[in-house]
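Residue strings, one per chain:
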Amino acid sequence: MMAGDYLHNLFGLAGRTAVVVGGTGVLGGALAEGLARAGAFVVVAGRGADRGSGRVAAIKAGGSDATFVTVDAVARDSVRALLDATLRATGRVDILVNCAGVNSSLPYFEIPDDDFDRVIDTNLKSTHLGCQIFGAHMADHGGGAILNIGSVSADKPLSKVFAYSASKAAVVNYTRNVARELAPRGVRVNALCPGFFPAEQNRKILSPERVAAIMGQTPMNRFGEPAELVGAALLLCAPTAGSFIAGAELYVDGGFTAMRL
Ligand SMILES: NC(=O)c1ccc[n+]([C@@H]2O[C@H](COP(=O)([O-])OP(=O)(O)OC[C@H]3O[C@@H](n4cnc5c(N)ncnc54)[C@H](O)[C@@H]3O)[C@@H](O)[C@H]2O)c1
């Protein structure tokens with residue numbers, strides 16, 4: 001067998017459908033493009049039609065296929081409608097990436113309830129709704145793979161982002177629990193935990209002092225590029241390469257989690 005065939009069999013997604021919730025964002029967009037280039041038909045889902053349509057156009061320009069569907073990831077009816085729209089488009093769903101997220105950085109004693117709720121809902125409840133609604137369908141229709149997005153703050157909390165760190169610790173804990181629940185039914189659930197990748201949700205938080213502190217604890221001494229998440233995502237999502245991986249969390253962080261000083 002040629003090396004290309006071997007890799008295609010391991011990581012290829014031809015004939016599969018992947019849904020990326022938050023595919024409108026920086027990391028979700030890169031994951032959507034990566035899954036599409038591996039052969040999947042990708043449903044880019046999110047709130048911003050302009051950015052979603054732009055990502056679909058980029059995927060199509062690269063010779064792959066995709067469509068955009070609007071979703072509010074914290075609303076059950078909307079996530080259910082996303083599943084229905086996906087099934088209308090391709091008749092199947094094999095991969096779900098839960099990549100909607102928000103961040104907030106306020107002095108601890110000044111965090112309003114609605115800000116705390118917004119972060120927990122967007123990061124954790126959206127993950128729950130995606131896993132429950134898509135997981136049920138996958139379990140009843142031959143299995144699939146779900147990828148939740150954690151963070152290095154899921155391991156030890158990051159200063160200044162209280163709700164965010166708690167939400168990501170919860171996403172990883174939840175991922176393990178749902179993996180146990182769904183693995184017997186053919187659905188593999190895993191978490192990808194990125195380090196620091198400049199994006200919309202963290203731009204305001206990355207002050208020069210913060211950047212210096214991050215680099216001081218990142219052995220590779222740089223930010224990640226969104227495309228550097230794709231290989232890890234393919235490993236966790238591809239039915240052959242990832243066939244025995246469930247309940248895992250994979251850190252892609254330039255070594256941040258591996259060290260203290
Ligand atoms: N950028 C990083 O360094 C980093 C590190 C670790 C984890 N993450 C996580 O990666 C994920 C993607 O973040 P990003 O950095 O690409 O940020 P981003 O702001 O570029 O993307 C987030 C996307 O989620 C969408 N979204 C938010 N609420 C939504 C809702 N209710 N319904 C539908 N879509 C919604 C936003 O519109 C946006 O397109 C998040 O879960 C984030 O916490 C990011």
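Below is a short write-up of the structure. (Residues numbered from 1 in each chain as written. Predicted model: local features only at pLDDT ≥ 70, side-chain atom pairs only at ≥ 80, totals over all residues. Heavy atoms only, no water.)

This part takes up the pattern of salt bridges. The final tally for this structure, using the stated rule, is 10 salt bridges. Note that Arg 92 and Asp 94 form a salt bridge whose closest N and O atoms lie 2.8 Å from each other. A relative accessible area of 35% places Arg 92 in the partly exposed class. Using a relative accessible area of 10% as the deciding quantity, one classes Asp 94 as buried. Between Arg 180 and Glu 181 there is a salt bridge whose closest N-O contact spans 3.5 Å. (Salt bridge = Lys/Arg side-chain N within 4 Å of Asp/Glu carboxyl O. Buried < 20%, exposed > 50% of the residue type's maximum accessible area, 1.4 Å probe, protein only.)

Before going further, it helps to examine the site of the ligand. Residues in contact with the ligand amount to 26 residues; listed here are only the nearest, Thr 24, Leu 27, Ala 73, Tyr 164 and Phe 197. In the model, an oxygen atom of the ligand is placed 3.1 Å from a nitrogen or oxygen of the Gly 25 main chain. Within the contact set of the ligand, a nitrogen atom lies 3.4 Å away from a side-chain nitrogen or oxygen of Arg 47. Contact with the protein chains removes 96% of the 810 Å² of surface that the ligand exposes when unbound. (Near = heavy atom within 4 Å. Polar contact = N/O pair within 3.5 Å; in protein donor to acceptor, adjacent residues only side chain to side chain. Areas by Shrake-Rupley, 256 points an atom, 1.4 Å probe, with all protein chains shown as cover.)

Next up on the list: the side chain of Asn 103. On the secondary structure map, Asn 103 appears in the loop between strand S4 (95-98) and helix H5 (113-140). Asn 103 has contacts with Arg 118, Val 119, Val 161, Tyr 164, Gln 201, Asn 202 and Ile 205, leaving out every residue within four places of it along the chain. (Helix = DSSP H or I, 4+ residues; strand = E, 2+ residues; numbered from the N terminus. Contact = heavy atoms within 4.5 Å.)

Let us now look at the nonpolar core. Burial of nonpolar side chains together is a common tendency in soluble globular proteins. Of all hydrophobic cores here, the largest spans 33 residues; its most connected members are Leu 13, Leu 35, Val 42, Val 97, Leu 147 and Leu 192. Of all the elements in the fold, those that place two or more residues in this core are strand S1 (17-21), helix H2 (26-37), strand S2 (41-46), helix H3 (49-61), strand S3 (66-70), S4, strand S5 (144-149) and helix H8 (230-237). Sorting elements by how many residues they give to this core places H8 first, with six residues. With 28 residues, the next largest nonpolar core counts Leu 96, Ala 100, Phe 134 and Val 189 among its residues. (Core = buried A, V, L, I, M, F, W, Y, C linked by side-chain atoms within 4.5 Å.)

Once that is clear, we can look at the state of the cysteines. Applying the stated criterion across every chain yields a total of zero disulfides. As a non-bridged cysteine, Cys 193 has Cys 99 as the owner of its nearest cysteine sulfur, 12 Å distant. Look at Cys 193 and you get buried, because its relative accessible area is 0%. Cys 99 supplies the cysteine sulfur nearest to Cys 237, a cysteine that is in no disulfide, at a spacing of 11 Å. Assessed through its relative accessible area of 3%, Cys 237 is described here as buried. (Disulfide = S-S within 2.5 Å.)

Looking now at H5. Here H5 is 28 residues long and its end C-alpha atoms lie 38 Å apart, about the 40 Å a rise of 1.5 Å per residue gives. Within H5, the axis deviates most sharply at Asp 121, by approximately 40°. (Expected span 1.5 Å × (residues − 1). Bend = angle between axes of the 7 residues up to and from the residue.)

Looking now at the sheet that holds strand S7 (residues 249-252). Strands sit in the order S3-S2-S1-S4-S5-S6-S7 across an open sheet of seven strands; the sheet is parallel. The open sheet has two edge strands with one neighbour each: S3 and S7. Here the average twist between neighbouring strands, direction ignored, is 20°. Examined bridge by bridge, S2 and S3 share five bridges and lie parallel to one another. (Pairing = 2+ DSSP bridges. Axes fitted to C-alpha atoms, helices over the stretch in contact; angles between N-to-C directions.)

Of all residues except glycine, most have a negative phi; of all peptide bonds, most are trans. Unlike most non-glycine residues, Lys 160 shows phi in positive territory, near 75°. Locating Lys 160 in the fold gives a position in the loop between S5 and helix H6 (162-182). By relative accessible area, Lys 160 is classed as partly exposed at 48%.

Relative to the 16 Å expected for 12 residues at 1.5 Å per residue, H2 spans 17 Å between its end C-alpha atoms, a close match to the ideal helical length. Within the sequence span of H2, burial applies to Leu 27, Gly 28, Gly 29, Ala 30, Leu 31, Ala 32, Gly 34, Leu 35 and Ala 36. Looking one or two residues beyond H2, the residue adopting positive phi is Gly 39, at roughly 115°.

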